[in-house]
Amino acid sequence: MPHYKLIYFNIRGRAEIIRYLLAYLNIQYEDHRISLDDWSAVKKTVPFGKIPILEVDGVPLHQSLAIGRLLARKAGLAGKTEMEECHVDAIIDTLDDFMSRFPWAEKNQDIRDEVFNELLTNDAPGLLQDLDLYLGKKDWFVGDSVTWADFYWDICSTTLLVLKHDLLEKHPKLVALQKKVQSIPVIADWIKQRPETRL
Ligand SMILES: N[C@@H](CCC(=O)N[C@@H](CS)C(=O)NCC(=O)O)C(=O)O
């Protein structure tokens, strides 16, 4: 078994999808969480100066979703056909497009609050409506079994709910999907044992 080391900050953030997939695959790994103080030194050592990085036997892999896709394929969670894979990737990219619009690193609190508020109040409802429609009466976003798109939904919506508690009030089906992911035994175990962080 290769040695896996995940390098990220002490938050769920962009590493959480990798942590979910490693948990699902029952792969042991070093969950290396660096402090902001140490970041400038670490930044010089990682490809493209960004994290998360997953080192596999010392070989660094970068880009959270590229890593996620690799692990999802290994886990059988990437979609059962090429068409399903495309649908799964599309949901993930849709969620990621939205999450990427938040100015996470903005230091000016007024600007940060304004943009966060606008995204959560004006833009989120349309996205949620589209996701709700896409899910329809299905149990999972794509096909007839769980995929990493459902994992990513749980991860992104958990963070969105921290930012706006009533965000999913009109979307019981999306809440149910989140709960279904959270009750997959290995995911439930991981959620129970993971360090508690706001984001
Ligand atoms: N698309 C990349 C984004 C990577 C990224 O921007 N990471 C942020 C943390 S979420 C980072 O490294 N920030 C520190 C910096 O840019 O110096 C991914 O998904 O891995």
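### Quick notes on the side chain of Asp-154
Now for step 1: When you line up the elements, Asp-154 lands in helix 6 (residues 148-163).
Now for step 2: Buried and unpaired, Asp-154 has Arg-194 as its nearest opposite-charge partner, separated by 6.0 Å.
Now for step 3: Among all residues touching Asp-154, those that are not within four sequence positions of it are Tyr-20, Gln-178, Val-181, Gln-182 and Ile-191.

### Thoughts on the packing of aromatic side chains
Now for step 1: On inspection of all chains with the given rule, the structure shows ten aromatic pairs.
Now for step 2: Summarising the aromatic geometry, the rings of Phe-98 and Phe-102 are spaced 5.4 Å apart at their centres and angled 90 degrees between planes, so their arrangement reads as edge-to-face. An identical accessibility class is assigned to Phe-98 and Phe-102; each is buried.
Now for step 3: The structure contains a cluster of three or more aromatic residues connected by ring pairs, namely Phe-98, Phe-102, Trp-104 and Phe-116.

### Thoughts on helix 1 (residues 16-24)
Now for step 1: The buried count for helix 1 comes to eight of nine residues, which makes it a mostly enclosed element.
Now for step 2: Listing the buried residues of helix 1 in full gives Glu-16, Ile-17, Ile-18, Arg-19, Tyr-20, Leu-21, Leu-22 and Ala-23.
Now for step 3: Phi turns positive, to about 55 degrees, at Asn-26, one or two residues after helix 1.

### So, the confidence of the model for the protein
Now for step 1: For the protein, per-residue confidence averages 98 on the pLDDT scale, and residues scoring 70 or more make up 100% of the total.
Now for step 2: Across the protein, helix 1 holds the top mean pLDDT of 99, while helix 2 (residues 36-43) sits lowest at 97.

### With respect to the pairing of strand 2 (residues 30-34)
Within a regular strand, side chains alternate between the sheet's two faces.
Now for step 1: Two strands pair when backbone bridges link them, and strand 1 (residues 4-9) and strand 2 are joined in this way by five bridges, in the parallel orientation. Pairing of Ile-7 across the sheet is with His-32, part of strand 2.
Now for step 2: Note that the unit made of strand 1, helix 1 and strand 2 has a crossover that is right-handed.

### A look at the packing of helix 5 (residues 109-135) against helix 7 (residues 172-182)
Now for step 1: Across the interface, helix 5 lies against helix 7 with an axial gap of 9 Å and an inter-helix angle of 70 degrees. The angle between the axes of helix 5 and helix 7 places the two elements in the roughly perpendicular class. Residues Leu-128, Leu-131, Asp-132 and Leu-135 of helix 5 form the contact with helix 7, whose own contacting residues are Lys-173, Leu-174 and Leu-177.
Now for step 2: In terms of residue class, the contact of helix 5 with helix 7 is made up of five nonpolar, no polar and two charged.

### Quick notes on the sheet that holds strand 1
Strand pairing within a sheet occurs via backbone hydrogen bonds; the two strands may be parallel or antiparallel.
Now for step 1: Overall, mixed pairing links the four strands, which are arranged 2-1-3-4 in an open sheet. Where the open sheet ends on each side, the last strands, each with one partner, are strand 2 and strand 4 (59-62). When the angles between neighbouring strand axes are averaged without regard to direction, this sheet yields 25 degrees.
Now for step 2: Where strand 1 lies against strand 3 (residues 53-56), four bridges are found, and the strand directions are antiparallel. In the strand pairing of strand 3, Leu-6 is matched with Leu-54.
Now for step 3: Packed onto the sheet, helix 3 (residues 64-75) meets strand 1, strand 3 and strand 4 and runs at close to 105 degrees relative to strand 4.

Procedures and definitions
- Residues numbered from 1 in each chain as written.
- Predicted model: local features only at pLDDT ≥ 70, side-chain atom pairs only at ≥ 80, totals over all residues.
- Heavy atoms only, no water.
- Helix = DSSP H or I, 4+ residues; strand = E, 2+ residues; numbered from the N terminus.
- Buried < 20%, exposed > 50% of the residue type's maximum accessible area, 1.4 Å probe, protein only.
- Lys, Arg positive; Asp, Glu negative; His and termini not counted.
- Salt bridge = Lys/Arg side-chain N within 4 Å of Asp/Glu carboxyl O.
- Contact = heavy atoms within 4.5 Å.
- Phe/Tyr/Trp six-rings, centres within 6.5 Å; stacked < 30°, edge-to-face > 60°.
- pLDDT = per-residue confidence, 0-100.
- Pairing = 2+ DSSP bridges.
- Right-handed = clockwise from strand over helix to strand, strands pointing away.
- Axes fitted to C-alpha atoms, helices over the stretch in contact; angles between N-to-C directions.
- Parallel < 35°, antiparallel > 145°, perpendicular 65-115°, else oblique.
- Nonpolar A, V, L, I, M, F, W, Y, C, P; charged D, E, K, R; others polar.

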